[in-house]
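Residue-level listing of the chains:
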Amino acid sequence: MFENIISGIIGGIIVIIIERIINRHDKVKELKNGTSPKNLNSNIVLTNELIETFHPQRNYVKVKEILGSPDKSYEDFSIFEDVSNESEKYISDLYFLKNANLKITTVDSKSIHSITVFSYTKKIEIPSLFYPCENTDLNLGEAKVCEEVIKYTNRHTPVHTIRDLGFAIQNYSGAPFYKYITFFCFDDITKAKETYDLNEFVGKPIEGFCLSSSDSAFYIHDYEQR
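Residues numbered from 1 in each chain as written. Predicted model: local features only at pLDDT ≥ 70, side-chain atom pairs only at ≥ 80, totals over all residues. Heavy atoms only, no water.

(A) Broad picture of the environment of Lys103. Its place among the elements puts Lys103 in strand β3 (residues 100–106). If we ignore the near neighbours within four places in the chain, the residues touching Lys103 are Tyr74, Asp76, Ser92, Asp93, Leu94, Ser114, Ile115, Thr116, Phe218, Tyr219, Ile220 and Glu224. A polar contact of 2.5 Å, which involves the side chain of Lys103, links it to the backbone oxygen of Tyr219. Here the side chain of Lys103 touches Glu224 through a polar contact of 3.0 Å, side chain to side chain. (Helix = DSSP H or I, 4+ residues; strand = E, 2+ residues; numbered from the N terminus. Contact = heavy atoms within 4.5 Å. Polar contact = N/O pair within 3.5 Å; in protein donor to acceptor, adjacent residues only side chain to side chain.)

Okay, structure coming up:
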């Protein structure tokens, strides 16, 4: 009887060891073949219709119902330092989707405060209601900074880190929308903020945007994508 129990225990241990060796071998094989399991978010395509659904002041809970859990979630800060409100704590959810990086920011976990989009393809449009340029493409990467974007600038700032070299130009849409849209383009000028001539950005492609219910705006930094 006692010998049978000991044999059973030893047999169980051997089975567990063999299973672990097999699992480890499979994982190494997956990594070598580039077939390691991916986050399910990487299969989701961001559409213009979804961007409309995620406009500021709409239901924040709806985002997770549609997209599921974000790849990252953390406290965030506006790129415009002069508009920071210490009484408000911004929480951003970052999604790495199949065709875009998407950041959804909230203050109260009930409503969407802002949506930031950078696309991998040229099939995602800037919301036309907030883009003042006429006779131009709406697709990110093809849409351009036009004279109207410069004319209606609410504020602007370089977005520079060790790996980021961006520039942000914000417009404000009054009644009936009361929304702020910040256009992001690559910055190859790299001057001091006070010495920028915004007209130098006319004609530059718009690579991303942040649509917000306040003048706080949020970028998707390179370090956030790691």
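(B) Expanded view of the nonpolar core. Among the nonpolar cores identified, the biggest contains 38 residues, and Leu46, Phe54, Leu102, Val117, Ile126 and Phe201 are the most heavily contacted of them. For this core, the elements supplying multiple residues, two or more each, are α2 (48–53), α3 (60–67), β3, β4 (112–119), α4 (147–151), β6 (165–173), β7 (179–186) and β8 (208–212). Setting aside its immediate chain neighbours within four residues, Phe201 contacts Val145, Phe167, Ile169, Cys185, Phe186, Asp187, Ile189 and Tyr196. By size, the runner-up hydrophobic cluster in this structure holds eleven residues, among which are Ile79, Phe80, Leu94 and Cys210. (Core = buried A, V, L, I, M, F, W, Y, C linked by side-chain atoms within 4.5 Å. Buried < 20%, exposed > 50% of the residue type's maximum accessible area, 1.4 Å probe, protein only.)

(C) Representation of the packing of aromatic side chains within the structure. This model, assessed by the stated rule, comprises ten aromatic pairs. Between the NZ or CZ atom of Arg155 and the centre of the ring of Phe80, over which it lies, the distance is 5.8 Å. (Phe/Tyr/Trp six-rings, centres within 6.5 Å; stacked < 30°, edge-to-face > 60°. Lys NZ or Arg CZ within 6 Å of the ring centre and 35° of its normal.)

(D) Focus on the environment of Phe54. By the element assignment, Phe54 lies in the loop between α2 and α3. For the pair Phe54 and Leu211, spaced 157 residues apart in sequence, the C-alpha to C-alpha distance is 9.8 Å. In this view, Phe54 contacts Val63, Ile66, Leu67, Leu102, Ile104, Ile112 and Ile115; residues no more than four positions away in its chain are not counted.

(E) Focus on the pairing of strand β5 (residues 153–160). Judged from the seven bridges that link them, β5 and β6 form a sheet pairing that is antiparallel. Bridge assignment links Thr153 to a residue of β6, and that residue is Asn171. (Pairing = 2+ DSSP bridges.)

(F) Representation of the side chain of His55. For His55, the location among the structural elements is in the loop between α2 and α3. Overall, the relative accessible area of 10% leaves His55 in the buried class. When sequence neighbours within four positions are dropped, the list of residues in contact with His55 reads Ile112, Pro127, Phe130 and Leu211.

(G) View of the pattern of salt bridges. Under the definition given, this model contains seven salt bridges. Note that Lys62 and Glu65 form a salt bridge whose closest N and O atoms lie 3.7 Å from each other. Pair noted here: Lys62 and Glu65 are both in helix α3, with a separation of three residues, about one helical turn. Classification of Lys62 as partly exposed rests on a relative accessible area of 39%. Judged by its relative accessible area of 56%, Glu65 falls in the exposed class. For Arg163, the salt bridge is made with Asp222, and the minimal N-O distance between the two is 3.8 Å. One end of the pair, Arg163, is in the loop between β5 and β6; the other, Asp222, is in the segment after β8, and 59 residues separate them in sequence. Overlapping salt bridges, with partners in common, bring together Asp76, Lys103 and Glu224 in one network. (Salt bridge = Lys/Arg side-chain N within 4 Å of Asp/Glu carboxyl O.)

(H) Local environment of the sheet that holds β7. On the basis of which strands lie adjacent, the open sheet formed by eight strands has the order β1-β2-β3-β4-β8-β7-β6-β5 and antiparallel pairing. In this open sheet, the two edge strands, each paired with only one partner strand, are β1 (72–76) and β5. Neighbour-to-neighbour, the strand axes of the sheet open up by a mean angle of 20°, direction not taken into account. Against the sheet, α3 contacts β2 (90–96), β3 and β4, and its axis sits at roughly 20° relative to β2. (Axes fitted to C-alpha atoms, helices over the stretch in contact; angles between N-to-C directions.)

Keep in mind that these numbers describe shape and distance, not what the molecule does.
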